[in-house]
Amino acid sequence: MFGAYLTSAIGCLSFMSQLPFLPFSKPVIDEATIAAVGDVLRSGWITSGPKVQAFEAQLSEFFGGRPVRTFNSGTCTMEIALRIAGIGPGDEVITTPISWVATANVILEVGATPVFADIDPVTRNIDLDQLETAITPRTKAIIPVYLAGLPLDMNRLYAIAQKHGLRIVEDAAQALGSSWNDQRIGATGDFVSFSFQANKNVTSSEGGCLVLNTPEEVRLAEKYRLQGVTRNGFDGLDVDVLGGKFNMTDVAAAIGLGQFAHIEAITAHRRELARHYFECFGADFEAQYGAQLPPADFENSNWHLFQLVLPERKDGQPARATFMEQMQALGVGIGYHYPPIHLLSLYRERGFKEGMFPVAERVGRLIVSLPMFTSMTKADVERSVAAVKSVLKP
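As a starting point, this report considers the structure included with it. (Residues numbered from 1 in each chain as written. Predicted model: local features only at pLDDT ≥ 70, side-chain atom pairs only at ≥ 80, totals over all residues. Heavy atoms only, no water.)

When you line up the elements, His276 lands in helix H11 (residues 263–281). Reaching out from His276, the side chain makes a polar contact with the side chain of Glu382 at a distance of 2.8 Å. Among residues more than four places away in sequence, those in contact with His276 are Lys378, Val381 and Glu382. (Helix = DSSP H or I, 4+ residues; strand = E, 2+ residues; numbered from the N terminus. Polar contact = N/O pair within 3.5 Å; in protein donor to acceptor, adjacent residues only side chain to side chain. Contact = heavy atoms within 4.5 Å.)

Scanning all chains against the criterion turns up 19 aromatic pairs. Between Phe55 and Phe196, the aromatic rings sit 5.3 Å apart at their centres with planes inclined by 40°, giving tilted as the arrangement. A residue pair is termed long-range when its members are at least 10 positions apart, and Phe55 in helix H4 (residues 50–62) and Phe196 in the loop between strand S8 (191–195) and strand S9 (208–211) qualify at 141 residues. Take Phe55: its relative accessible area is 0%, and that puts it in the buried class. Here the guanidinium or amino end of Arg225 rests over the ring plane of Phe71, the centre of that ring lying 5.6 Å away. The positively charged end of Arg320 is found above the aromatic ring belonging to Tyr336, 4.0 Å away from the centroid. (Phe/Tyr/Trp six-rings, centres within 6.5 Å; stacked < 30°, edge-to-face > 60°. Buried < 20%, exposed > 50% of the residue type's maximum accessible area, 1.4 Å probe, protein only. Lys NZ or Arg CZ within 6 Å of the ring centre and 35° of its normal.)

Let us now look at the sheet that holds S8. Note on sheets: strands pair through backbone hydrogen bonds, and any given pair is parallel or antiparallel. Taken in spatial order, the 7 strands make up an open sheet running S1-S9-S8-S5-S4-S2-S3, and their pairing is mixed. Each end of this open sheet is capped by a strand with a single partner; those strands are strand S1 (68–71) and strand S3 (113–116). Strand-to-strand twist of the sheet, defined as the mean angle between neighbouring strand axes without regard to direction, takes the value 25°. Where S1 meets S9, 4 bridges bridge the pair, whose relative direction is antiparallel. Considered in S9, the bridge of Phe71 is made with Gly208. Contacting strand S2 (92–95), S3, strand S4 (139–143) and strand S5 (167–171), helix H6 (residues 102–109) crosses the sheet at an angle of about 145° to S3. (Pairing = 2+ DSSP bridges. Axes fitted to C-alpha atoms, helices over the stretch in contact; angles between N-to-C directions.)

Running from N to C, helix H13 (residues 319–329) and helix H16 (residues 378–392) cross one another at 130°; their axes reach a closest spacing of 10 Å. Between H13 and H16, the interaxial angle falls into the category oblique. The chirality of how H13 crosses H16 is right-handed. In this structure, H13 uses Phe323, Gln326 and Met327 to contact H16, whose residues at the interface are Ser384, Ala387, Val388, Val391 and Leu392. (Parallel < 35°, antiparallel > 145°, perpendicular 65-115°, else oblique. Left-handed = near helix turned anticlockwise from the far one by under 90°.)

So, about the pattern of salt bridges. Taken as a whole and judged by the stated rule, the model has 15 salt bridges. Close ionic contact of Glu56 with Arg225 constitutes a salt bridge, the shortest N to O distance being 2.9 Å. One end of the pair, Glu56, is in helix H4; the other, Arg225, is in helix H9 (residues 215–225), with 169 residues separating them in the sequence. Assigned by exposure class, Glu56 and Arg225 land together as buried. Between Glu312 and Arg365 there is a salt bridge whose closest N-O contact spans 2.3 Å. Highlighted residues: Glu312 in the loop between strand S12 (306–309) and H13 and Arg365 in helix H15 (residues 358–366), separated in sequence by 53 residues. Salt bridges sharing common partners tie together Arg167, Asp190 and Glu217. (Salt bridge = Lys/Arg side-chain N within 4 Å of Asp/Glu carboxyl O.)

This is the structure we're talking about:
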């Protein structure tokens, strides 16, 4: 029945309208994890405790023994990394315009100046040529982003940083399970920040972690995580830095532990779904439909997202809004990640404007994210592709 549906445009539309809605993303929490959360709630210790310590230990092992600390978001992790690196007023930090706005907001939070560099039109990550051109004597750090889980050329990134004496805070929010040259993202490098937000490959409902380098950085991270507090003995307490309230709870850690136990299977399954997307789109999709597929990387990317860049429309209609509306009408969820940060009001007020980063502006206007989540099947992929082809039909 499904094969007939795929080969008939009329049958396709009719069949899709009768199927349950296919969401863009959906967290999958197994019964063992739900039971573990119940155990935490019954234990009487629901804030940071043994589950947080266990989660940090497993993450550290995954990253080759590097020290890891967990937090209540993958945003504060980047801010804390910048603070540990001594970044503040008068400093510049270079990042990409195509990311969740948190990537740039944390630069403002520490009082530094965000500087953007345009993106590569194929990978949609920051263009390393543009990045190096943007470096000035005030540049102190780089925040690269691995969009959809696809890493940059890590060798070149770190060569640029070393050449100019810069710290790197890797925004690997979407890249847990990704790799570069057979090494896991997070197992090498400088600061590496991950997110466990609800739509990530591994979730703790909300949360994140920061991979660090030295015992002193770990001590600072712990201080910044909880009001700058240092404890000694039963009643000794001091505060020597201004920290916040960023600790992860044991409830969140229990979810993270349950999810993280399946990280290898999750990554492998998502790569298989991505392969099937390419098989279903076919070799002539880009030429026939005018949309751009992502790079077909099945070794490094964890395929957090499967994204298309839509063709420019010539009829004056908003291409993405029209596309999203029609996909929703066919029962297929759709998202977009992300609008260009530099064109948001907060950043326009700081002097950014249209035309400064043309590749990012085009991609940010036309990019969409198709359904991709752990419990998806190949039949779901086929349904998603059929809907795309129906909406974009030449």
